[in-house]
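Now for the letters of each chain:
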Amino acid sequence: MGGLKDELLKAIWHAFTALDLDHSGKVSKSQLKVQDNFDKIEFNRMCWTLCVKKNLTKSPLLITEEDAFKVWVIFNFLSEDKYPLIIVPEEIEYLLKKLTEAMGGGWQQEQFEHYKINFDDSKDGLSVWELIELIGNGQFSKGMDRQTVSMAINEVFNELILDVLKQGYMMKKGHRRKNWTERWFVLKPNIISYYVGEDLKDKKGDILLDENCCVESLPDKDGKKCLFLIKCFDKTFEISASDKKKKQEWIQAIHSTIHLLKLGSPPPHKEARQRRKELRKKLLAEQEELERQMKELQTANENKQQELETVRKKLEEAASRAAEEEKKRLQTQVELQARFSTELEREKLIRQQMEEQVAQKSSELEQYLQRVQELEDMYLKLQEALEDERQARQDEETVRKLQARLLEEESSKRAELEKWHLEQQQAIQTTEAEKQELENQRVLKERALQEAMEQLEQLELERKQALEQYEGVKKKLEMATSKTKSWKDKVAQHEGLIRLIEPGSKNPHLITNWGPAAFTQAELEEREKNWKGKKNTE
């Protein structure tokens, strides 16, 4: 609301200026009350009517009076908040860039820089009528026809003044009949209005936007493509764009608008204008501070110049005084020379008398000078000795501090070495005890190994004896078998019906080193158990 009041005050200022009235103190921002249904375009048009005939140039322009009116309103939006109203070069560049982009042309930065160089240094900016003449004379729209320039001015007017963020034709689905109708949609910071045509004469409805609204993409259906959905508190709106690019642009624009509503931020172009104004204020403050510092430096420089001038005058006065003193000295010298010339003869007589005294005194003087020279040499040597003593004391102090530090380090190292020595002795004692224990264990193991070797030798000896017994028994068995076989053959020959029956056991026969059936199965298991126990013990 504060920005709207500023724009209305600027429009009133133009009207009062055209009527040659002093508006200062007549209307202020606090006195100006704007109602919600106030039509600012009609109010601006009324103020425009009061001032256009007196101020608009009579030379032919490439823009219509309606386009000039829109430029006039845009000027009130972009101009500085001080009177008389002007638009600074930065805002002129911003407006010309917007118009060039709307016309589809390329921005000529070099041309604008050349225009700024030729800009009148006595002025900080252009008035509204100079701006209209600049745009109307086609200096920055060469090669563009009147219709293209008019469409560009209208597009920039819609964006900056009417807060139109986006507009274009799209298909909308009805809520009752469910039919699809083409409408001209206009997106503003808190509302989407749709009309029958782009002339905005027949308005068909509004879509009120708030922070709770959202926009979603829909898949193609019912023969309609590029669909998206706008969800509001009480209604949803299905809309079909002409192509995928337009669909994405509208979704992004609506999403950005809802995001700005959630943040409570103004439209992008108003926020950008406010940032540019704040930046200019900051630069102006920095420039003023720099000028103040330059003035302080200039004042200090002037003070230094005055001080130097004072010193120069003092030096000149001192030089003049020195010249006068030199003049006096020369005059005195002339007088003295005249006096000396008169007394020279008398002095010659006296000189002869004094020569003898001088010869004597000269010898005394030489002795005295020699003594003085010796004293000076002694003094220099004494100075050198004192300097050497002072240096030696400093070196002694340094060495003393170094010795103290070395003693301290030596004591700490000695304590550390003693600690390590104690730890070594403890470790040696522990190692000796462990070594003794290991030696005892080794002796025990050697004894056990010796006993096991003896048992193994005993078992080997027993095995050899058992093998020898087995061989003897085997031979006896073979002899008995041969005898039995020969006896059986003889019996079979003489008594064919007689059959030798040998006693035997029902249990299975066991064969060992001592022959068949030498011991039972239980005895064999007992011996095997004893043998395994001895083996584990070894």
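Residues numbered from 1 in each chain as written. Predicted model: local features only at pLDDT ≥ 70, side-chain atom pairs only at ≥ 80, totals over all residues. Heavy atoms only, no water.

Naming follows an unreviewed UniProt entry, where the chain appears as Switch-associated protein 70 of Panthera pardus.

(A) Here's a closer look at the overall build of the chain. A tally of regular secondary structure across the chain gives ten helices and nine strands. For the chain, the proportion of its 538 residues judged to be buried stands at 25%. For the chain, the exposed surface amounts to about 40300 Å²; the carbon and sulfur share of it is 53%. (Helix = DSSP H or I, 4+ residues; strand = E, 2+ residues; numbered from the N terminus. Buried < 20%, exposed > 50% of the residue type's maximum accessible area, 1.4 Å probe, protein only. Areas by Shrake-Rupley, 256 points an atom, 1.4 Å probe, with all protein chains shown as cover.)

(B) The arrangement of the packing of helix 3 (residues 65-78) against helix 6 (residues 128-136) in detail. One way to put it is that helix 3 packs onto helix 6 with a least axis distance of 10 Å and a crossing angle of 130°. Between helix 3 and helix 6, the interaxial angle falls into the category oblique. The interaxial crossing formed by helix 3 with helix 6 has right-handed handedness. For the pair helix 3 and helix 6, the contacting residues are A68, V71, W72 and F75 in the first and V128, W129, L131, I132 and I135 in the second. Taken together, the residues of the contact of helix 3 with helix 6 sort by class into nine nonpolar, no polar and no charged. (Axes fitted to C-alpha atoms, helices over the stretch in contact; angles between N-to-C directions. Parallel < 35°, antiparallel > 145°, perpendicular 65-115°, else oblique. Left-handed = near helix turned anticlockwise from the far one by under 90°. Contact = heavy atoms within 4.5 Å. Nonpolar A, V, L, I, M, F, W, Y, C, P; charged D, E, K, R; others polar.)

(C) Main features of the sheet that holds strand 4 (residues 203-208). One open sheet accounts for seven strands, arranged 4-3-2-1-7-6-5; its pairing is antiparallel. Because the sheet does not close on itself, it has two edges, and the strands there are strand 4 and strand 5 (214-218). Each strand axis lies, on average, 35° off the axis of its neighbour in the sheet, ignoring direction. Bridging between strand 6 (residues 227-231) and strand 7 (residues 236-240) involves five bridges; their strand directions are antiparallel. Directly across from L227, in strand 7, lies its bridge partner S240. Relative to strand 5, helix 8 (residues 244-263) is tilted by about 160°, and along the sheet it contacts strand 1 (166-173), strand 2 (180-188), strand 3 (191-195), strand 5 and strand 6. (Pairing = 2+ DSSP bridges.)

(D) Spatial organisation of the confidence of the model for the chain. Per-residue pLDDT for the chain averages 81, and the proportion of residues at 70 or more is 87%. For residues 22-27, every residue scores under 50 in pLDDT, and the model assigns this stretch six contacts once sequence neighbours within four places are set aside. (pLDDT = per-residue confidence, 0-100.)

(E) How the structure looks around the pattern of salt bridges. Tallied over the full model, the rule gives 30 salt bridges. In this structure, the salt-bridge partner of R312 is E309, at a minimum N-O distance of 2.1 Å. Pair noted here: R312 and E309 are both in helix 9 (residues 268-494), with a separation of three residues, about one helical turn. Using a relative accessible area of 38% as the deciding quantity, one classes R312 as partly exposed. Between E374 and R371 there is a salt bridge, and its shortest N-O distance comes to 3.5 Å. Here E374 and its partner R371 are both found in helix 9, three residues apart, which amounts to about one turn of the helix. Assessed through its relative accessible area of 36%, E374 is described here as partly exposed. (Salt bridge = Lys/Arg side-chain N within 4 Å of Asp/Glu carboxyl O.)

(F) Representation of the pairing of strand 2. As defined by bridge partners, strand 1 adjoins strand 2 across eight bridges and the pair is classed as antiparallel. Its bridge partner being in strand 2, M171 is matched across the sheet by E182. From the end of strand 1 to the start of strand 2, which pair antiparallel, there are six residues, and K178 there has a positive phi angle of about 65°. As defined by bridge partners, strand 2 adjoins strand 3 across five bridges and the pair is classed as antiparallel. Counted as the bridge partner of F185 is Y194 from strand 3.

(G) Molecular detail of the side chain of R276. Within the secondary structure, R276 sits in helix 9. R276 has contacts with L78, E91 and Y94, leaving out every residue within four places of it along the chain.

(H) Representation of the packing of aromatic side chains within the structure. Applying the stated rule across the entire model yields seven aromatic pairs. Measuring from ring centre to ring centre gives 5.6 Å for F185 and Y194, while their planes differ by 35°; the resulting arrangement is tilted. Taking the relative accessible area as the measure of exposure, Y194 reaches 9% and is therefore buried. With a centroid separation of 6.5 Å and an interplanar angle of 70°, the aromatic rings of F185 and W250 are classed as edge-to-face. Of this pair, F185 sits in strand 2 while W250 sits in helix 8; the two residues are 65 residues apart in sequence, bridging distant segments of the chain. In this pair, the class of F185 matches that of W250, namely buried. (Phe/Tyr/Trp six-rings, centres within 6.5 Å; stacked < 30°, edge-to-face > 60°.)

(I) Quick look at the pairing of strand 3. Of all five residues that make up strand 3, five are buried, and the element is covered over most of its length. Residues I191, S193 and Y195 line one face of strand 3 and the alternating positions I192 and Y194 line the opposite face, and both faces are buried. Remark: two residues form the turn of the hairpin made by strand 2 and strand 3, two consecutive strands paired antiparallel. Where strand 3 and strand 4 come together, five bridges link them in antiparallel fashion. Of the residues in strand 4, the one forming a bridge with Y194 is G205.

(J) Spatial organisation of helix 6. The buried count for helix 6 comes to seven of nine residues, which makes it a mostly enclosed element. Residues V128, W129, L131, I132, L134, I135 and G136 constitute the buried set of helix 6. The positive-phi residue at the C-terminal boundary of helix 6 is G138, with phi of around 75°.

(K) Fine view of a nonpolar patch on the surface. Among the surface-exposed residues, L349, I350, M354 and V358 lie close enough to one another that they form a single nonpolar patch of about 340 Å² accessible area. You can call V358 partly exposed: its relative accessible area is 45%. (Patch = residues over 30% accessible without salt bridge, like charges linked within 9 Å, V, L, I, M, F, W, Y side chains within 5 Å.)

(L) Just the state of the cysteines, in detail. Summed over the entire model, instances satisfying the criterion amount to zero disulfides. For C47, which is in no disulfide, the shortest distance to another cysteine sulfur is to C51 and amounts to 7.4 Å. Looking at C214, it has no disulfide partner, and the nearest cysteine sulfur is the one in C213, 7.5 Å off. A relative accessible area of 28% places C214 in the partly exposed class. (Disulfide = S-S within 2.5 Å.)

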